[in-house]
Amino acid sequence: MTFAFAVPAADPTAAAAHFLARLSVETDVSDVHADLSARTRGLVVVDSRGPAAWAQGHLPGAVHLPTAEIATRAAGLVPDGSAVVTYCWGPGCNGATRAALEFARLGYPVKEMLGGFEYWVREGLPVVTGAGLTRRPADDLTAPRASVTCDC
């Protein structure tokens, strides 16, 4: 017996349902970058962090809407029928999860971007700061150097 299977794997049908459910509410940095680069219509990417974090840097094309303001301001910033992707700082923060919940409660189709702003930056993707558009080198632990995707 291996450590990985000390608890037996789920039945394949149950596993497929589980993974499909996760993919229905989560997306990743590479897919969001591809959609933003393609200017996918009807997609609104929402940065749910506070003003200081937004000023430090954010995704190009993102809308700044802190979680506490979603219920009162979403209708004025996010058109009806839009698909929403939320992000916050990173995988150690559940702010994007709370923001996604707020959008779901308002009736928007919504997904959370796994990895948040941290992984966007670590993958070497562009960010907007007070100085303009910038990017850091990709972190070898999170992204291949020669590509913006892992080709998974």
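Quick look at the structure, then. Only a predicted model underlies this, so the values are computations on that prediction, with no experimental measurement involved.

**So, the overall build of the protein**
- Counting its secondary structure elements, the protein contains six helices and seven strands.
- When its helices and strands are written in sequence order, the protein yields α-β-α-β-α-β-α-β-α-β-α-β-β.
- In terms of its C-alpha atoms, the protein occupies a principal-axis envelope of roughly 55 × 40 × 25 Å.
- With 152 residues in all, the protein has 36% of them scored as buried.
- Sequence-distant contacts, at least 24 apart, represent 62% of the contacts inside the protein between residues at least 6 apart.
- Side-chain charges in the protein split into 12 positive and 15 negative, and the spacing between the mean points of these groups amounts to 6 Å.

**Brief notes about the sheet that holds strand β1 (residues 26-27)**
- The strand order across the open sheet built from five strands is β1-β5-β4-β2-β3, with neighbouring strands paired in parallel fashion. Either end of the sheet is taken by a strand with one partner, and the two such strands are β1 and β3 (63-64).
- The pairing of strand β2 (residues 43-47) with β3 spans two bridges and is parallel. Counterpart to Asp47 in the pairing with β3 is His64.

**Considering the nonpolar core**
- In this structure, Val32, Val45, Leu59, Tyr87, Met113 and Trp120 are the most contacted members of the largest nonpolar core, which totals 14 residues.
- Only α2 (29-37), β4 (83-87) and α6 (116-122) provide two or more residues apiece to this core.
- In terms of residue count, α6 provides more of this core than any other element does, three residues in total.
- Here Val32 is in contact with Thr27, Val45, Leu59, Val85, Met113 and Trp120, once residues within four sequence places are set aside.

**Focus on the pairing of β2**
- The buried fraction of β2 is high, at four of five residues.
- The pairing of β2 with β4 spans five bridges and is classified as parallel. Bridge pairing in β4 links Val45 to Val85.

**Quick notes on the packing of helix α4 (residues 70-77) against helix α5 (residues 95-105)**
- One can describe the packing of α4 onto α5 by two numbers: an axis separation of 10 Å at closest approach and a directional angle of 65°. In terms of axis orientation, α4 runs roughly perpendicular to α5. Considering the relative orientation of α4 and α5, their crossing is right-handed. Judged by residue contacts, Ile70, Ala71 and Ala74 of α4 engage Ala99, Glu102 and Phe103 from α5.
- For the contact of α4 with α5, the class distribution of residues is five nonpolar, no polar and one charged.

About the thresholds
Residues numbered from 1 in each chain as written. Predicted model: local features only at pLDDT ≥ 70, side-chain atom pairs only at ≥ 80, totals over all residues. Heavy atoms only, no water. Helix = DSSP H or I, 4+ residues; strand = E, 2+ residues; numbered from the N terminus. Buried < 20%, exposed > 50% of the residue type's maximum accessible area, 1.4 Å probe, protein only. Contact = heavy atoms within 4.5 Å. Lys, Arg positive; Asp, Glu negative; His and termini not counted. Charge placed at Lys NZ, Arg CZ, Asp CG, Glu CD. Pairing = 2+ DSSP bridges. Core = buried A, V, L, I, M, F, W, Y, C linked by side-chain atoms within 4.5 Å. Axes fitted to C-alpha atoms, helices over the stretch in contact; angles between N-to-C directions. Parallel < 35°, antiparallel > 145°, perpendicular 65-115°, else oblique. Left-handed = near helix turned anticlockwise from the far one by under 90°. Nonpolar A, V, L, I, M, F, W, Y, C, P; charged D, E, K, R; others polar.

Everything listed here is a matter of geometry and, on its own, says nothing about what the molecule does.
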